[in-house]
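# Analysis of the macromolecular model
As a plain string of letters, each chain reads:
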Amino acid sequence: MYEDFASKLAATMWADFDETPRRADGPTAEITDLNTVVIDGNFPWTIVTVETDEGVTGIGEAYPSPGVHEIITDYLRPVLVGENPTDVERLYNLMRGSLSGRGSQEGVGTIAISGVELALWDAAGKLLDQPVYQLLGGKTREEVVVYADCHAGEAMVESAEEGQEDSTYEPEAYAKAARAAVEDGFDIVKFDLDVPSGREVDTLSRHFDPPEIDHKKRVVEAVTEEIGHDAEVAVDLHWNFSPETAERLCRALEPYDLAWIEDPLPPENTDAMRELKRRVDATLLTGENRYGRHGFRDLIEDQAVDFLAPDVPKTGGIAETKKVAEMAEAYYQALIPHNIGSPVATAATAHVGATVPNFVALEYHAREVPWWEDLLAREEDFIQNGRIQVPDAPGLGIELDWDIVEEHRKE
């Protein structure tokens, strides 16, 4: 009963919203179905499929979020079935209109729309026999840089008691993880600094005393001393610090010339971020919790950070991220997109990175997943020496190995 109600509601809203004339030229393919499958990786990677009557299947990915499947199948499926998948821009606005008031501006509704938008671009490229980057205006570069997120889990040290892990994150373990990433060919590595030091700390207050600041400093010191100029080093604070603590930490880290300090403050207050940037000599990055060009507008206009980190399968999709990049270019800001996804989200972000000049690097967050590369139906590695050669095949230029997907499928 609920699904019937949701379908009728979506169809009714769509009928009121969609007054755009149908195209009379170009490919005449129609969307026949939308669905999702979740891969049980280090995050639940939500793969979105768009089926067409031409036998072409577009694949996309939505940021891991509860409710994405229901939104896509109950609300967006009745809106898109029968539509031409090559009309990506119109269908993007159609989906936003159909979910008006239900998360089409930000949150899980936008995430669901983003996943479908990626799949539409893939389907459109396959139907038009063109790679996505060509549909977006062509390449500015042949390859994109990838940075390695050596997240804190790899830095845990075993305690004396067998089978247990110590709550202290030792600086030497970080240095070892950094060296391993550099030897894999990555020119930029990133670590989490919002990690336990072994002391009792009231993290809710976001205030950290000098010994806590010193622990973070020792981690950065160990990593930078280990790798020297072999790679750049960045750190992630995950919004866990107050302005006064973030300022003290940034000042403590100034001697180490970090590539960037990510998310030092909670994401809602652009004024606070702009003030922090004014007060410290540090390169700041944020943006993974912003949605669409409207969500990035104040960050860009106020020049509150140096780098922006939109997440393609979260912020609105491929075209919306490109629009964020174009807005940022007017203020000489650059993109370093957030990415915790499968090869699908990674490929989609690479196509964006290929088409805009102000693109620095994209995140790779799955070095501890040995079968990440196996998800692709290709023999050579997708990421080689910290680079991705932008795929030239139609659509996103990749295909999934569905046997491997099924092997790691999450119910």
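The notes below deal with the structure included here. The shown structure was predicted, so the numbers you read here are calculated from the model rather than taken from an experiment.

On to the overall build of the protein, then. Helix and strand counts for the protein come out as 14 helices and 15 strands. Classification of the 411 residues of the protein by burial places 56% in the buried group. Restricting the contact set of the protein to residue pairs at least 6 apart, pairs at least 24 apart contribute 73%. Here the protein has roughly 17,500 Å² of accessible surface; of this, 46% comes from carbon and sulfur atoms.

In terms of burial, strand β2 (residues 44-52) is largely enclosed, as seven of its nine residues are buried. Looking at chain direction, strand β1 (residues 31-40) and β2 are connected through nine bridges and run antiparallel. Within the sheet, the bridge partner assigned to Ile39 lies in β2 and is Trp45. Sheet topology note: the β2/strand β3 (residues 57-62) ladder contains six bridges and is antiparallel. The residue bridging Thr46 from the neighbouring strand is Ala62, located in β3. Between β2 and β3, which follow one another and run antiparallel, lie four residues, and Gly55 among them has a positive phi close to 80 degrees.

Evaluation of the coordinates by the stated rule reveals one cavity of 30 Å³ or more. When its volume is computed, the largest cavity comes out at roughly 40 Å³. Every residue along the wall of the largest cavity is listed here: Glu61, Ala62, Tyr63, Pro64, Asp311, Pro313, Asn339, Ile340, Gly341 and Ala345.

A contiguous patch of negative charge on the surface is contributed by Glu232, Glu254, Asp257 and Asp281. Tracing the backbone shows Asp281 in the loop between α9 (270-279) and β10 (284-286). Using a relative accessible area of 63% as the deciding quantity, one classes Asp281 as exposed.

So, how was this worked out
- Residues numbered from 1 in each chain as written.
- Predicted model: local features only at pLDDT ≥ 70, side-chain atom pairs only at ≥ 80, totals over all residues.
- Heavy atoms only, no water.
- Helix = DSSP H or I, 4+ residues; strand = E, 2+ residues; numbered from the N terminus.
- Buried < 20%, exposed > 50% of the residue type's maximum accessible area, 1.4 Å probe, protein only.
- Contact = heavy atoms within 4.5 Å.
- Areas by Shrake-Rupley, 256 points an atom, 1.4 Å probe, with all protein chains shown as cover.
- Pairing = 2+ DSSP bridges.
- 1 Å grid on protein atoms, 1.4 Å probe; cavity = no way out; pocket = protein on both sides within 12 Å on 5 of 7 lines; lining within 4 Å.
- Points joined across faces, edges and corners; volume = space filled by probe spheres on them.
- Patch = residues over 30% accessible without salt bridge, like charges linked within 9 Å, V, L, I, M, F, W, Y side chains within 5 Å.
- Salt bridge = Lys/Arg side-chain N within 4 Å of Asp/Glu carboxyl O.
- Lys, Arg positive; Asp, Glu negative; His and termini not counted.
- Charge placed at Lys NZ, Arg CZ, Asp CG, Glu CD.

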